Amino acid sequence: MEKVKAKKHLGQHFLKDESIAKAIADTLSLKGYDEVLEIGPGMGVLTKYLLEKPINTHVIEIDTESVVYLGENYPKLKDQIISQDFLKYNINEVYKDKQFAIIGNFPYNISTQIVFRTLEFRDQIPEFSGMFQKEVAERICEKKGSKAYGILSVLAQAFYDTEYLFTVDENVFIPPPKVKSGVMKMTRKEDYSLPCGEKLFFTVVKTAFQQRRKTLRNSLKTLNLSDKLREDTIFDKRPEQLSVDEFIVLTQKIEADGVQS
């Protein structure tokens, strides 16, 4: 079969640099899991290096043309190709309660949604690594005090240690994207349970950053906090001034005030 044509509506940019593909595959530690799921394998430039590792590899691909190409060119993937949309697919149909890593050269138009979906399955995903648009990879790893620091940064870092690994030039893709790319990795924390209500924590973080220029006293008005709590000095700050740990403390204070979710 001829090579797959990149489809703009799927955000496809096929990596052509073998050394970068190998470097991404090598970000996996292979510790604490025997399974890996590659999202958006395209023509398998990364897949081939995963198949060399002592791990069971599945790939999930929504593009039917890519699915056919992978089936014809990678016999080791027999029965390991999931022709589905990762954002909608129930991955426990494959993994049940197993631990597995996620990796990929992620389609940029859904990359942040892939991270949020991963957080939903964090009990089963000890490791996550791959390529994003550079600014998205940086945002996931950003620390407090930066304009790039936001919802994605706080929620990812609440459960995972994040690390920006390296930058990738536009010219190693077909077709080249208009932006640089970045490879990052998330490693689940040894203790990733939160000492506060998780649902409320998500609500506090998302609500705070929806009006990021305002102080927390103003941005969290919709939570109907007591006047006494709103006098706390933490509410003088804007959301980007709070670390993940400080967001946890904030959530605990709000919980103690009687707010449940």
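Fair warning: this is a prediction, and the values are worked out from it, not measured in the lab.

The rules behind the values
Residues numbered from 1 in each chain as written. Predicted model: local features only at pLDDT ≥ 70, side-chain atom pairs only at ≥ 80, totals over all residues. Heavy atoms only, no water. Helix = DSSP H or I, 4+ residues; strand = E, 2+ residues; numbered from the N terminus. Rg over C-alpha atoms; globule rule 2.2 N^0.38 Å. Buried < 20%, exposed > 50% of the residue type's maximum accessible area, 1.4 Å probe, protein only. Areas by Shrake-Rupley, 256 points an atom, 1.4 Å probe, with all protein chains shown as cover. Lys, Arg positive; Asp, Glu negative; His and termini not counted. Charge placed at Lys NZ, Arg CZ, Asp CG, Glu CD. Pairing = 2+ DSSP bridges. Contact = heavy atoms within 4.5 Å. Axes fitted to C-alpha atoms, helices over the stretch in contact; angles between N-to-C directions. Arc of directions from axis to C-beta. Domains from an automatic or database assignment. Buried area = accessible area lost by both parts, 1.4 Å probe. Salt bridge = Lys/Arg side-chain N within 4 Å of Asp/Glu carboxyl O.

1. Some thoughts on the overall build of the protein chain
- Check the secondary structure of the protein chain and you find 11 helices and nine strands.
- A globule of 261 residues ought to have a C-alpha radius of gyration of about 18 Å, and the protein chain, at 20 Å, matches this closely.
- Viewed in the frame of its principal axes, the protein chain has a C-alpha envelope of about 70 × 40 × 30 Å.
- Split into buried and exposed, the 261 residues of the protein chain put 51% on the buried side.
- For the protein chain, the accessible area works out to roughly 12800 Å², and carbon and sulfur atoms hold 48% of it.
- Here the protein chain holds 38 positive side-chain charges and 38 negative ones, and the gap between their average locations is 5 Å.

2. What to know about the sheet that holds strand β9 (residues 181-188)
- The strand order across the open sheet built from seven strands is β4-β3-β2-β5-β6-β9-β7, with neighbouring strands paired in mixed fashion. Strands with a single pairing partner mark the edges of an open sheet, and in this sheet they are β4 (81-82) and β7 (160-168).
- Docked against the sheet, helix α7 (residues 151-159) engages β7 and β9, running at close to 120° with respect to β7.

3. Some details on the environment of Tyr95
- Structurally, Tyr95 can be placed in helix α4 (residues 92-95).
- Residue Tyr95 is classed as buried on the basis of its relative accessible area of 1%.
- The sequence separation of Tyr95 and Asp232 amounts to 137 residues, and the corresponding C-alpha distance is 45 Å.
- Once residues lying within four places of it in the same chain are set aside, the contact partners of Tyr95 are Glu35, Val36, Leu37, His58, Phe100 and Gln124.

4. Re helix α6 (residues 134-141)
- All buried positions along α6 are accounted for by Val136, Ala137, Ile140 and Cys141. The buried side chains of α6 occupy one side of the element, clustering within an arc of 135° when seen end-on.
- Contacts from the buried residues of α6 go to α5 (111-120), β6 (127-133), α7, β7 and β9.

5. A few points about the domain arrangement of the protein chain
- With domains assigned, the protein chain is organised as domain 1 (8-188) and domain 2 (198-259).
- The gap between the C-alpha centroids of domain 1 and domain 2 is 32 Å.
- At the junction of the two partners, domain 1 supplies 13 residues and domain 2 supplies 15 residues.
- Taking both sides of the interface into account, the surface hidden between domain 1 and domain 2 amounts to around 1200 Å²; carbon and sulfur atoms contribute 71%.
- Area buried by domain 1 at its contact with domain 2 is led by Tyr149, Ile151 and Leu155, which between them contribute 40% of it.
- Remark: the boundary between domain 1 and domain 2 carries two salt bridges.
- Across the pair Glu198 and Arg122 runs a salt bridge, and its minimum N-O distance is 2.4 Å.

6. Points about the pairing of strand β5 (residues 100-105)
- Here β5 lies mainly inside the structure; six of its six residues are buried.
- Neither face of β5 is exposed, since Phe100, Ile102 and Gly104 on one face and Ala101, Ile103 and Asn105 on the opposite face are all buried.
- Relative to β5, strand β2 (residues 35-39) runs parallel, the two sharing five bridges. Within β5, the position partnered with Glu38 by the bridge is Ile103.

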